[in-house]
Amino acid sequence: MLYDVIIIGAGPAGLAAGLYAARAKLNVIIFEKSGGGGQLATTGDIENYPGAQEDISGAALADRMADQAKHFGAKIVKDTITQADISGKVKKVTGGSGVYEAKTVIIANGGKARPIGCPGEAELVGKGVSYCATCDADFFNDLEVFVIGGGDSALDEAMFLTKFARKVTVVHRRDEFRAAKSIQDKLLKNPKVEVMWDTVIEEIKGDGVVESAVFKNVKSGELTEYTANEDDGTFGVFVFVGFDPVSGLYKGQVDMDPAGYIITDENMKTNLDGVFAAGDIRVKTLRQVVTAAADGAIAAIQAEKYIEHNQ
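About the criteria used
Residues numbered from 1 in each chain as written. Predicted model: local features only at pLDDT ≥ 70, side-chain atom pairs only at ≥ 80, totals over all residues. Heavy atoms only, no water. Salt bridge = Lys/Arg side-chain N within 4 Å of Asp/Glu carboxyl O. Helix = DSSP H or I, 4+ residues; strand = E, 2+ residues; numbered from the N terminus. Disulfide = S-S within 2.5 Å. Buried < 20%, exposed > 50% of the residue type's maximum accessible area, 1.4 Å probe, protein only. Pairing = 2+ DSSP bridges. Axes fitted to C-alpha atoms, helices over the stretch in contact; angles between N-to-C directions. Phe/Tyr/Trp six-rings, centres within 6.5 Å; stacked < 30°, edge-to-face > 60°.

Asks: Any chance you could break down the pattern of salt bridges for me, citing the residues and the numbers?
Replies: This structure, assessed with the given rule, holds 13 salt bridges. Between Asp67 and Lys70 there is a salt bridge; the shortest N-O distance is 3.9 Å. Remark: Lys70 and Asp67 occur in helix α2 (residues 58-71); sequence separation between them is three residues, near one turn of the helix. With a closest N to O distance of 3.3 Å, Glu194 and Lys167 form a salt bridge. Placement of Glu194 in strand β11 (residues 193-196) and of Lys167 in strand β10 (residues 167-171) is noted, with a sequence separation of 27 residues between them.

Have a look at this one:
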């Protein structure tokens with residue numbers, strides 16, 4: 001069967017693309033490798049997506065997006081795409097269930113924050129552990145937070161968190177930051193900020209929410225445990241040690257920047273005819289649910305136009 005549109009990834013970008021493509025009466029198939037929703041599915045309450053109902057979780061919002069896309073006829077299939085031959089006129093992708101073909105492809109695999117890898121981290125994601133200050137800072141209003149990392153993004157996010165948190169402690173494994181000097185100067189002058197140099201986080205503990213964290217000085221080997229203030233009951237751990245696009249499948253076919261993000265124009269077009277990219281996987285300045293959904297909508301409309309002009 002030749003589909004009109006294959007969408008790889010069922011996060012906000014992929015689901016928005018599926019919705020718009022299906023409403024345009026295109027034959028659409030969306031591939032998801034797990035539960036769907038992308039990073040949105042691991043986010044706690046959503047407060048910065050326009051129109052989202054109060055106290056809706058990321059997972060619930062993702063489910064609503066998926067139901068809406070399916071309502072208009074998009075087919076969502078749980079399968080992991082392992083090969084993609086997308087340079088020809090007919091695009092071919094291979095998954096565990098077989099080979100699929102389409103006139104166009106929308107790449108929406110997204111990206112993933114690089115985890116610390118310490119015990120307790122995975123279990124407490126969305127319960128005090130976060131990889132996005134813009135998404136979750138407001139949940140830590142007047143609480144203490146720890147920022148793990150020392151690059152530009154870590155320090156930028158730490159500065160953003162000072163607008164909400166009572167105290168921001170930056171934890172860095174070296175004795176100097178890697179970030180731009182201008183960002184460092186601004187951060188270190190902020191009275192809300194402290195720095196733990198030569199330190200890594202060894203473990204995050206908590207029953208339902210983050211309650212304590214164990215830190216290790218890499219020079220002395222000394223371990224210290226920080227426990228949440230009794231009145232607060234919890235604190236935040238914001239991890240900014242890197243973010244990786246899930247783009248390895250397309251290397252050698254679509255143009256990417258040195259970090260592996262796919263390069264598109266404002267219409268989500270890649271260097272390949274009939275191939276579009278949307279969401280966190282592409283080069284962009286803001287990676288949020290709202291921008292991913294917008295990318296997906298644009299990509300779907302452009303796919304429709306491509307099909308019309310190449311019948």
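Asks: Would you mind going over the state of the cysteines in detail, with residue names and values included?
Replies: Evaluation of the coordinates by the stated rule reveals one disulfide. The disulfide partner of Cys132 is Cys135, and the S-S distance across this bridge is 2.2 Å. Between Cys132 and Cys135, the S-S torsion sits near 75°, and that sign places the bridge as right-handed. Judged by relative accessible area, Cys132 falls into the buried class, the value being 16%.

Asks: Please set out the sheet that holds strand β12 (residues 199-205) residue by residue, giving values where relevant.
Replies: Taken in spatial order, the three strands of this open sheet run β12-β13-β14, and their pairing is antiparallel. A single partner strand is all that each edge strand has here, and the edge strands are β12 and β14 (223-227). Averaged over all neighbouring strand pairs, the angle between strand axes comes to 25°, with direction disregarded. Of the pairings in the sheet, the one linking β12 to strand β13 (residues 212-217) comprises six bridges and is antiparallel in character. By the bridge assignment for β13, Lys205 is matched with Ser212.

Asks: I'd like a rundown of the packing of aromatic side chains, residues and numbers included.
Replies: Applying the stated criterion across every chain, the model contains nine aromatic pairs. With a centroid separation of 4.6 Å and an interplanar angle of 65°, the aromatic rings of Phe31 and Tyr100 are classed as edge-to-face. A residue pair is termed long-range when its members are at least 10 positions apart, and Phe31 in strand β2 (residues 28-32) and Tyr100 in strand β6 (residues 98-107) qualify at 69 residues. Arranged with centres 6.4 Å apart and planes meeting at 20°, the rings of Phe238 and Phe240 form a pair that is stacked. Under the relative-accessibility criterion, Phe238 is labelled buried at 0%.

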